[in-house]
Amino acid sequence: MPVWQVIYEELQAENPNFEIVSFAQDSGGETDAGPIFDAANATYTSVIDANHTISALYNLVNVPSAVWIDEEGKIVRINEGTYAKNHGAFGTDEYVPIVRDWVANGADSPYVWDTETVSEKIFQRTPEAERAQPTFRLGTYFFASGDEVKAEQYWDMAQELDPTSWNYLRQDIMYEDGGSAGPEWRARRDAVEGAGGTYYAPLDIEPVPNNDR
Amino acid sequence: MKTSARVVLALASIFFSCLTFAQSATVLYNERVVVIDEVLPDASDLWVKPEDLTRINDFELKPQGACLDELCIPVLQDRDSDMFVTRQDQGWFNVTELANILQQSWVADYGAGVWSFGGMPVERRAFFQSAEAPDFLLPDRDGNLVSLSDFAGKQLLLLTWASW
């Protein structure tokens, strides 16, 4: 978070047309996410998305994730596990340079994808997984109303409907013994990675040759 | 009074109390939490007055049907159907039936009278087919509503993260 603020200031100075909007996927609302935004001194648009609406809308299954949207409202990159820097155990230094390239070169950046590539990169959900969204939303409603039994019931149901969503799993177990990065999360992650899957949607930072967009 | 007559009377009183006692509902759609004062009692579906339909999902009941912008789903209003019924001169619209037609997923907690609707696939067609960024409307931390159109003409990096 603090790293994105530094990058935001750098890139805005270079190109005032560049903007960041940051959505905290936090059902605990301001209590959970607010202090982190505050500590980052975020001056970009900061939203606390208690219902995980943005992840539902853009088919994102984990955090952090990023989407590039151009001046016409077209998506030109999507669904990547993106960190602003390498934090040791996680993160990467490879992502920010391609953002910098995009801000400098716009549609001519070799990191801009065409419509077909974006369509292929959008995560595909099953119809059951689509039903997970209103189910999770219902759980969040009960969570906000203080009914933790019903919150748990619908959050669990959402995870059964959409086992691909790390967001639904980790939001839920954050409030359980072990927390969001405890044994339950570790076991799930190991199982997925052991089967050849990925926890973060992989970065694909190969430049597109002769990008003629 | 005979026992059977008592039973009939008791059943009739339950029946009429259902008819006259207003049931309320809470409807979740996107960021909206819409409290509906009166719904038509039903074991599975959500029936609301036409004006409440608009409060839930912006659809308007017009003579040609239930309409949102250019999209109109035909609704017969001179007779009862799965989508629309008239009871004592009051029209009732079946929101869940509309959702089924739109392939919009929904889930209800009948005990609490809370209904939760997912996104409408029709609104995300351009996302899947032509990479158009889906619009959103959420309040920022200062309470100002933020939508995608606020960033028209900008290069926008949309980020998600979480405290957990």
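No experiment lies behind these values; they were computed from the predicted model shown. (Residues numbered from 1 in each chain as written. Chains lettered and ligands numbered in written order. Predicted model: local features only at pLDDT ≥ 70, side-chain atom pairs only at ≥ 80, totals over all residues.)

*Asks:* I'd like to hear about the overall build of chain A, residue by residue, with values.
*Replies:* For chain A, the count of helices and strands is nine helices and four strands. Going residue by residue from the N terminus, the α and β elements of chain A occur as α-β-α-β-α-β-β-α-α-α-α-α-α. Compactness check: chain A gives a C-alpha radius of gyration of 18 Å against a globular reference of 17 Å for 213 residues, within 12% of the reference. Taking the principal axes of the C-alpha coordinates as reference, chain A spans close to 55 × 35 × 35 Å. Considering chain A as a whole, with its 213 residues, one finds that 44% of them fall into the buried category. (Helix = DSSP H or I, 4+ residues; strand = E, 2+ residues; numbered from the N terminus. Rg over C-alpha atoms; globule rule 2.2 N^0.38 Å. Buried ≥ 20, exposed ≤ 12 C-beta atoms within 10 Å, placed from the backbone.)

*Asks:* Any details on the overall build of chain B? Residues and values, ideally.
*Replies:* Along its length, chain B carries four helices and 13 strands. Taking all 164 residues of chain B together, 32% fall into the buried category. Residue pairs at least 24 apart in sequence account for 31% of intrachain contacts in chain B once pairs closer than 6 positions are excluded. (Contact = placed C-beta atoms within 7 Å.)

*Asks:* Run through unusual backbone geometry, naming residues and quoting values.
*Replies:* With omega at -10°, the peptide bond leading from Val63 of chain A into Pro64 of chain A counts as cis. Position of Pro64 of chain A among the secondary structure elements: in the loop between helix 3 (53-57) and strand 3 (65-69). Residues other than glycine seldom take positive phi values, yet Asp69 of chain B does so here, at roughly 50°. The residue Asp69 of chain B is located in the loop between strand 5 (65-68) and strand 6 (71-73) in this model. Assessed through the 8 C-beta atoms surrounding it within 10 Å, Asp69 of chain B is described here as exposed. Here the phi dihedral of Gln103 of chain B falls at roughly 55°; this positive angle occurs in a residue that is not glycine. You can see Gln103 of chain B is positioned in the loop between helix 3 (95-101) and strand 9 (106-109). Classification of Gln103 of chain B by C-beta neighbours within 10 Å gives exposed; the count is 12.

*Asks:* I'd love a proper account of the domain arrangement of chain A, names of residues and values included.
*Replies:* Residues and elements named next belong to chain A. Assigned domains of chain A: these are domain 1 (2-121) and domain 2 (127-194). Here the C-alpha centre of domain 2 lies 23 Å away from the C-alpha centre of domain 1. Each side of the interface is counted separately: domain 1 has ten residues, and domain 2 has ten residues. Within the side of domain 1 that touches domain 2, the residues separate by chemical class into four nonpolar, six polar and no charged. (Domains from an automatic or database assignment. Nonpolar A, V, L, I, M, F, W, Y, C, P; charged D, E, K, R; others polar.)

*Asks:* Just give me the short version of the nonpolar core, but keep the residues and values in it.
*Replies:* In terms of nonpolar packing, the biggest core is built from 95 residues, with Ile75 of chain A together with Val48 of chain B touching the most fellow members. Looking at this core element by element, the count peaks at seven residues for helix 6 (residues 127-144) of chain A. Inspection of this core shows a minimum of three residues originating in each of domain 1 (2-121) and domain 2 (127-194) of chain A. (Core = buried A, V, L, I, M, F, W, Y, C linked by C-beta atoms within 7 Å.)

*Asks:* With reference to specific residues and values, describe the interface of chain A and chain B.
*Replies:* Opposite the 62 residues of chain A that make contact, chain B presents 38 residues. In terms of residues, the side of chain A that touches chain B owes the most to one element, helix 6 of chain A, which gives eight residues. When grouped by side-chain class, the residues that make up the side of chain A that touches chain B number 33 nonpolar, 17 polar and twelve charged. Sheet analysis places strand 3 of chain A next to strand 13 (residues 155-161) of chain B, joined by five bridges and oriented antiparallel. (Pairing = 2+ DSSP bridges.)

*Asks:* Give a description of the sheet that holds strand 1 (residues 18-24) of chain A that names residues and reports values.
*Replies:* Across the sheet, five strands lie side by side as 2(A)-1(A)-13(B)-3(A)-4(A); this open sheet has mixed pairing. Only two strands of the sheet have a single partner each, and these edge strands are strand 2 (45-48) and strand 4 (75-81) of chain A. Taken over all neighbouring pairs, the strand axes of this sheet differ in orientation by 15° on average, direction set aside. (Axes fitted to C-alpha atoms, helices over the stretch in contact; angles between N-to-C directions.)

*Asks:* So what's going on with the packing of helix 6 of chain A against helix 7 (residues 148-161) of chain A? Residues and values would help.
*Replies:* All names here are of chain A. For the pair helix 6 and helix 7, the least separation of the axes is 8 Å and the interaxial angle reads 165°. When the interaxial angle is binned, helix 6 and helix 7 end up roughly antiparallel. Once helix 6 is placed against helix 7, the crossing between them reads as left-handed. Here Glu128, Ala129, Arg131, Ala132, Thr135, Phe136, Leu138, Gly139, Phe142 and Phe143 of helix 6 lie close against helix 7, whose contacting residues are Glu148, Lys150, Ala151, Tyr154, Trp155, Met157, Ala158 and Leu161. Across the contact of helix 6 with helix 7, the residue classes break down as twelve nonpolar, two polar and four charged. (Parallel < 35°, antiparallel > 145°, perpendicular 65-115°, else oblique. Left-handed = near helix turned anticlockwise from the far one by under 90°.)

*Asks:* I'd love a proper account of the environment of Glu120 of chain A, names of residues and values included.
*Replies:* Residue and element names in this part refer to chain A. Note on placement: Glu120 falls in helix 5 (residues 115-121). For Glu120, a count of 9 C-beta atoms within 10 Å translates into the label exposed. Sequence-wise, Glu120 and Ile78 are 42 residues apart; in three dimensions their C-alpha atoms are separated by 9.9 Å.

*Asks:* Outline the sheet that holds strand 3 (residues 47-48) of chain B, listing residues and values.
*Replies:* Residues and elements named next belong to chain B. Spatially, 3-8-7 is the arrangement adopted by the three strands of the open sheet, whose pairing is antiparallel. Each having just a single partner strand, strand 3 and strand 7 (84-87) make up the two edges of the open sheet. Where strand 3 lies against strand 8 (residues 90-94), two bridges are found, and the strand directions are antiparallel. Residue pairing for strand 8: Val48 is matched across the bridge by Phe93.

*Asks:* Could you give an account of the environment of Glu31 of chain B, with specific residues and numbers?
*Replies:* Counting through the fold element by element, Glu31 of chain B comes out in the loop between strand 1 (23-29) and strand 2 (32-39). Classification of Glu31 of chain B by C-beta neighbours within 10 Å gives partly exposed; the count is 15. If we ignore the near neighbours within four places in the chain, the residues touching Glu31 of chain B are Asn51 and Thr53 of chain A together with Leu137 and Leu138 of chain B.

*Asks:* Give a description of helix 8 (residues 166-173) of chain A that names residues and reports values.
*Replies:* Residues three or four positions apart in an α-helix share a direction because the helix packs 3.6 residues into each turn. Residue and element names in this part refer to chain A. Of all eight residues making up helix 8, eight are buried, and the element is well covered by its neighbours. Looking only at helix 8, the buried set comprises Trp166, Asn167, Tyr168, Leu169, Arg170, Gln171, Asp172 and Ile173. On the buried face of helix 8, the contacting elements are helix 3, helix 6, helix 7 and helix 9 (183-194).

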